[in-house]
Amino acid sequence: MSRTIDRPALIVGFLLLAVAAIVAFDASRQTITSNYGVGPTAMPYVVCAGMVLLGLAHLFVAFRDGLPKPEAADGRALLWIVGGLAGLIACIALGGGFIVATAILFSCTARGFGRDALLVDIAIGLVLGTAIYLLFLKLLTLSLPAGPLEALLS
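These figures come from a predicted structure and were not determined experimentally.

Looking at the overall build of the protein chain
Okay, step 1: When helices and strands are tallied, the protein chain shows 6 helices and 0 strands.
Okay, step 2: Order of helices (α) and strands (β) in the protein chain, N terminus to C terminus: α-α-α-α-α-α.
Okay, step 3: For the protein chain, the spread of C-alpha atoms along the three principal axes comes to 65 × 50 × 20 Å.
Okay, step 4: Looking at the protein chain residue by residue over its 154 residues, the buried ones come to 23%.
Okay, step 5: Considering only intrachain contacts with a sequence separation of at least 6, the fraction spanning at least 24 residues in the protein chain is 56%.
Okay, step 6: Roughly 10,700 Å² of accessible area belongs to the protein chain as shown, and the carbon and sulfur atoms make up 72% of that amount.
Okay, step 7: Counting 9 positive and 8 negative side-chain charges, the protein chain places the averaged centre of each group 5 Å from the other.

Shown next as structure tokens:
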């Protein structure tokens, strides 16, 4: 019984393993240390482990069933999502701040997935953006791009 090898899955598997090796090499060369347990080099190793798992899973699938054939892409949905990313970048670059940028990205992505409640999605995005901003600012003491709304919360 002859099986065919799914070449795209094989290529993606090897690419994921190669990128994981680069991430591991880069993490091993970091000189930043920590005095309190887990340091900043831990996360690259977590990412590396995840990429190795994904790469091995792709190799496994390449020799078994193969990847499922993708459906045709929805151009309008992609435009909404790419527009949301462009809006996020523009909002941050023009000083709109993280909260408004997050609301733009959230509402455009929801629209790309077929949801038609744009004003409600903007409100949800504002709430989520505010919660994330406060989490980073107060709990993690990290700063995110600030705009007019962030100035009110600081």
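Some words on helix H1 (residues 7-28)
Okay, step 1: Between its first and last C-alpha, H1 extends 31 Å over 22 residues, near the 32 Å set by a 1.5 Å rise per residue.
Okay, step 2: Listed in full, the buried residues belonging to H1 are Ala 9, Leu 10, Gly 13, Leu 16, Ala 20 and Ala 27. With its buried residues spanning 130° around the axis, H1 presents them on a single face. Within H1, the exposed residues directed more than 90 degrees away from the buried face are Arg 7, Leu 15, Ile 22 and Phe 25.

Re the packing of helix H4 (residues 98-112) against helix H5 (residues 118-139)
Okay, step 1: Orientation of H4 relative to H5, taken along the N-to-C sense of each, is 135°, at an axis distance of 7 Å. Judged by the angle between their axes, H4 and H5 are oblique. Crossing geometry of H4 relative to H5 is assigned as right-handed. Here H4 contributes Phe 98, Ile 99, Val 100, Thr 102, Ala 103, Phe 106, Ser 107, Ala 110 and Arg 111 to the contact with H5, which in turn contributes Leu 118, Asp 121, Ile 122, Ile 124, Gly 125, Leu 126, Leu 128, Gly 129, Thr 130, Ile 132 and Tyr 133.

Quick notes on the rules
One numbering rule holds for all chains: residues counted from 1, following each sequence as written. Since the coordinates come from a predicted model, pLDDT governs what is reported: local features require at least 70, and pairs of side-chain atoms require 80 or more to be given and counted, while whole-chain, interface and lining totals use all residues. In computing side-chain properties, one takes all heavy atoms of the structure into account and sets aside hydrogens as well as water. The way it works is that DSSP assigns letters per residue, a run of H or I at least four long becomes a helix, a run of E at least two long becomes a strand, and they are numbered from the N terminus. Here's how the labels work: a residue is buried when its accessible area is under 20% of the maximum for its type, exposed when over 50%, partly exposed in between, all with a 1.4 Å probe on protein chains only. A contact between two residues is defined here by any heavy atoms of the two lying within 4.5 Å. The Shrake-Rupley method, run with a 1.4 Å probe sphere, supplies the accessible areas, and residue values consider only the shown protein chains as cover. None of His or the chain ends enter the tally, which takes Lys and Arg as positive and Asp and Glu as negative. Where a charge lies is defined by one atom per residue type, namely NZ (Lys), CZ (Arg), CG (Asp) and CD (Glu). To estimate how far a helix should reach, multiply one less than its number of residues by 1.5 Å. The arc refers to the directions leading from the helix axis to the C-beta atoms. Axis definition: a line fitted to C-alpha atoms, limited for helices to the stretch in contact. Angles are taken between N-to-C directions and run from 0 to 180 degrees. Every angle not falling under 35 degrees, over 145, or within 65 to 115 is termed oblique; those three ranges are roughly parallel, roughly antiparallel and roughly perpendicular. Take the far helix as your reference; a near helix turned counterclockwise from it by less than a right angle gives a left-handed crossing, and one turned clockwise gives a right-handed crossing.

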